[in-house]
Amino acid sequence: HHGARFRRTAHVLKRFEGYWGGKPHLDRVIIRPLPDPAARVLALQTGEVDVITIPPPASKDQLIKQGFQWLQGDVHHIWLLPLNHNNQYFKDKRVRQAVCYAIDRQGVAKHVLNDTVTPALHGITMPTAPSWDPSFTMYEYNPGKAKQLLAEAGYPSGFKTIFQTSTAGSGQLLPVPMMEYIQRNLMEVGIELEIQAFEWLTYVGLWFKGAPPEVGGMQQSTGRNFDHILARLMHSENDAPIGWNTGHVKNPELD
């Protein structure tokens, strides 16, 4: 009843009557691709579909109020912003630390993503990893400390830099609004940030090449085992364009 276009794009999974564990409760499941987040929410609200995935954070309160179930749990996925060690500013550890203190992760989670995410207050590790330790805080939000570190590094008035991201994409959440929030955070400590955003496939192509010297950091998101992702992102053998070390980290002790 949804017409030819729907039949072409939908995938129908039918119940297998001979399944060893007993019959599934549903006779079939229709999976319908709806790339536009607003269209997904509308399809749910009008009863056109029964379940949607990745609802936009702004729809959360309204959907709950309307009686829909909002199901959410910890996932093995992190939104990352590796900094470029080949950049004139970020080759200095104090400058990298200053950025870490300047970013208000809880603010991003609350004001941009409507508390649909867990702020990464405990380093790069995730609640699903054995190494997760909620009592350990790596970098709290501390603009004063960030300014102090910048002054120590020789940049009391800050500097200008470029961060790159995508406009959307696989697990990217809301990359541009998130980066704009970070842009305001960095402005508070004197760092003027230019955001360069690219369509996802274009961006992935750029990301695999690694950050050029003028780019301070290239954002990415991924879900991997903790030890595995550390090696992928920071082992010198994985330096881009060979691997995922897009920030060109070269540290024998870390290796």
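A.B. asks: Would you mind showing me how to read the packing of aromatic side chains here?
C.D. replies: The geometry of an aromatic ring pair comes down to the distance between the two centres and the angle between the two planes. Taken as a whole, this structure holds 10 aromatic pairs when the rule is applied. Between Phe90 and Phe159, the aromatic rings sit 5.9 Å apart at their centres with planes inclined by 80°, giving edge-to-face as the arrangement. Residue Phe90 is located in the loop between strand E3 (78–80) and helix H4 (93–102), and its partner Phe159 is located in strand E4 (residues 159–166); the two are separated by 69 residues in the primary sequence. The burial state of Phe90 is the same as that of Phe159; both residues are buried. Plain terms: the ring middles of Trp207 and Phe208 are 5.5 Å apart, the flat faces sit at 65° to each other, and that makes the pair edge-to-face.

A.B. asks: Whenever I open this one, the packing of helix H5 (residues 105–112) against helix H7 (residues 175–188) confuses me. Can you help?
C.D. replies: Packed helices, taken two at a time, are described by the angle their axes make and the gap between the axes. Two elements in contact, H5 and H7, have axes separated by 10 Å at closest approach and are oriented at 135°. When the interaxial angle is binned, H5 and H7 end up oblique. At the point where H5 passes H7, the crossing takes the right-handed sense. Here Gly107, Val108, His111 and Val112 of H5 come into contact with H7, specifically with Pro177, Met178 and Tyr181. Of the residues contributing to the contact of H5 with H7, the split by class is 5 nonpolar, 2 polar and no charged.

A.B. asks: Just to check I follow, could you spell out the nonpolar core for this structure?
C.D. replies: Soluble, globular proteins show a tendency: their nonpolar side chains are buried together. Counting residues in each nonpolar core, the largest one holds 29 residues, and the members touching the most others are Phe163, Ile182 and Leu186. Among the elements of the structure, H4, H5, helix H6 (143–152), E4, H7 and strand E5 (191–198) are those that each provide at least two residues to this core. With residues near it in sequence (within four places) discarded, Phe163 still touches Leu81, Leu83, Phe90, Met179, Leu186, Leu193, Glu194, Ile195, Gln196, Gly216 and Gly217. Among the nonpolar cores identified, the runner-up in size contains 13 residues, and Ile78, Leu80, Ile162 and Trp207 belong to it.

A.B. asks: Got a minute to help me understand H4 in this structure?
C.D. replies: Residues separated by three or four positions in an α-helix point in the same direction, a consequence of the helix having 3.6 residues per turn. Those residues of H4 lying buried are Val95, Arg96, Ala98, Val99, Tyr101 and Ala102. In this structure, the buried residues of H4 make contact with H6, E4, H7 and E5.

A.B. asks: Just to check I follow, could you spell out the pattern of salt bridges for this structure?
C.D. replies: A side chain of one charge can pair with a side chain of the opposite charge if their charged atoms are brought near each other. Applying the stated rule across the entire model yields 5 salt bridges. Notably, a salt bridge pairs Arg15 with Glu17, separated by 3.4 Å at the nearest N-O pair. In this structure, Arg94 engages Asp92 in a salt bridge whose closest nitrogen and oxygen atoms are separated by 2.9 Å. One salt-bridge network, in which partners are shared between bridges, spans Arg15, Glu17 and Lys23.

A.B. asks: I would appreciate a short explanation of the environment of Gly73 in the present structure.
C.D. replies: Relative to the helices and strands, Gly73 resides in the loop between helix H3 (60–65) and E3. Distance from Gly73 to Val117, taken between C-alpha atoms, is 9.1 Å for residues 44 residues apart in sequence.

A.B. asks: Looking at this model, I keep getting lost on the sheet that holds E5. Mind explaining?
C.D. replies: Strand pairs in the sheet, formed through backbone hydrogen bonds, run parallel or antiparallel to each other. What the 3 strands build is an open sheet, ordered E5-E4-E6; its pairing is parallel. With one partner strand each, in any of the chains shown, E5 and strand E6 (217–218) form the two edges of the open sheet. As judged from the 8 bridges shared by E4 and E5, these two strands associate in the parallel manner. When the sheet's bridge partners are listed, Ile162 is paired in E5 with Glu194.

Basis of the calculations
Residues numbered from 1 in each chain as written. Predicted model: local features only at pLDDT ≥ 70, side-chain atom pairs only at ≥ 80, totals over all residues. Heavy atoms only, no water. Phe/Tyr/Trp six-rings, centres within 6.5 Å; stacked < 30°, edge-to-face > 60°. Helix = DSSP H or I, 4+ residues; strand = E, 2+ residues; numbered from the N terminus. Buried < 20%, exposed > 50% of the residue type's maximum accessible area, 1.4 Å probe, protein only. Axes fitted to C-alpha atoms, helices over the stretch in contact; angles between N-to-C directions. Parallel < 35°, antiparallel > 145°, perpendicular 65-115°, else oblique. Left-handed = near helix turned anticlockwise from the far one by under 90°. Contact = heavy atoms within 4.5 Å. Nonpolar A, V, L, I, M, F, W, Y, C, P; charged D, E, K, R; others polar. Core = buried A, V, L, I, M, F, W, Y, C linked by side-chain atoms within 4.5 Å. Salt bridge = Lys/Arg side-chain N within 4 Å of Asp/Glu carboxyl O. Pairing = 2+ DSSP bridges.

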